[in-house]
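Fold and contact review
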Amino acid sequence: PEPMGSQLANEDALRSDLPGIAFRVPGLDTQVRFYGFAKISTWMDFDGRNQTDAPLPMGIPLNGGPASQQGGDFGMTARFSRFGLDTRTLTAWGTLETRIEGDFGGGSPTSSNAVFRLRQAWAELGTERLRVLMGQSNSLWNEGLYETLIDATNLNQSFVRQAQLRLTARLAPGLTGMISVEAPDTQYTSVQGVFTPDTRLDGGASPAFNAMPDILARLTWRHDGLELGARGLMRQLSLRTAGTMAAPQQGSQNAFAWGLAGHARFPMRWLAEGFGADELVAMAYVGEGIGRYFAGSTNGLDATSNLGLPGAG
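This section reports on the structure supplied with the text.

Conventions used here
- Residues numbered from 1 in each chain as written.
- Predicted model: local features only at pLDDT ≥ 70, side-chain atom pairs only at ≥ 80, totals over all residues.
- Heavy atoms only, no water.
- Phe/Tyr/Trp six-rings, centres within 6.5 Å; stacked < 30°, edge-to-face > 60°.
- Helix = DSSP H or I, 4+ residues; strand = E, 2+ residues; numbered from the N terminus.
- Buried < 20%, exposed > 50% of the residue type's maximum accessible area, 1.4 Å probe, protein only.
- Lys NZ or Arg CZ within 6 Å of the ring centre and 35° of its normal.
- Contact = heavy atoms within 4.5 Å.
- Pairing = 2+ DSSP bridges.

Let's talk about the packing of aromatic side chains
- Counted by the stated rule, this structure contains seven aromatic pairs.
- Ring centres of Trp141 and Tyr285 lie 6.1 Å apart, and the angle between their planes is 55°; this geometry places the pair in the tilted category. With a gap of 144 residues between them, Trp141 in the loop between β8 (130-138) and β9 (161-172) and Tyr285 in strand β17 (residues 279-288) connect regions that are remote in the sequence.
- For Tyr285, a relative accessible area of 21% gives the class partly exposed.
- Connected via pairs of aromatic rings, a cluster forms that spans Phe83, Phe104 and Phe116.
- Lying over the aromatic face of Phe209, Arg240 brings its terminal NZ or CZ to 3.8 Å of the ring centre.
- Sitting above the plane of the Tyr293 ring, Arg292 keeps its charged end 4.9 Å from the centroid.

This is the structure:
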């Protein structure tokens, strides 16, 4: 699973235990690390044409459908090859850590013309007790509790990366609290399709509107391999039809969205050392209007609308 953000919050020393090529800047308390990997993925569908290295549950061809009738196919891609740059500098206010990271996963898996995608671009300053992050990083809602062989978004997990302002504090031994203000993206589904603020509706502006940022919070407690976590979010979803091609031409509607989630990771070695690194993992989610935070599994299901239907008001 990806790190939540900073890998470092120690004002006394620079890290040297992370993979990559690292070196110190002469005359400065700064460490620079280059890292990355080249990755090639291959897939073969025996029945049902998925045409992707990251199949989503909602995209699996149904029996008897056109894609199922075509039969399976074979593909290869290197689009998830990744590279990045870290810096760590000791300051009077703690450690300043920066990261910029990207891959080529922004394009189609069936195309050889890979499209660069920015994954992370942030700076974080502080100590183990208190630190502040600004930039694009993993959302506080993210939770990748188990490893997978493919890059698909798994059910009940999130891999959203977006711009944010985040505060992290050590509240007690083993207990960490986090709060963030994150970039919004209203998504809704209507008879005319799935819309976000960037989507054009019949050549005009989209009725989907971002009125305020998303607010998220998280608590995590760790002890000897045991981890308990709780998180929540609040959002506002807005539709504004004035100035768009939607009917009616004047009107707006706002909806409050919320979500709560929790997880537990139990180390099986507590029962017997023979289990090694095995874990028992449990997750639970509840909320309304949190579809985009399960991107890839429920795209567009933040809200539904009757826009485009006869008599819609």
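On we go.
Points about the environment of Gly20
- For Gly20, the position within the fold is in the segment before β1 (21-24).
- Judged by relative accessible area, which is 48%, Gly20 ranks as partly exposed.
- Along the backbone, Gly20 and Leu85 are 65 residues apart, and their C-alpha atoms lie at a distance of 9.4 Å.
- Apart from the residues within four sequence positions on either side, Gly20 is in contact with Arg33, Phe34 and Tyr35.

Notes on unusual backbone geometry
- In the Ramachandran plot, Asp224 falls in the positive-phi region, its phi being about 50° despite a non-glycine side chain.
- One can find Asp224 in the loop between β14 (214-223) and β15 (226-240).

Notes on the sheet that holds strand β18 (residues 303-304)
- Pairing is mixed across the open sheet formed by three strands, whose spatial order is β12-β11-β18. The open sheet has two edge strands with one neighbour each: β12 (193-195) and β18.
- Here strand β11 (residues 188-190) runs beside β18; their pairing, made up of two bridges, is parallel. Paired with Thr189 across the two strands is Thr304, which belongs to β18.

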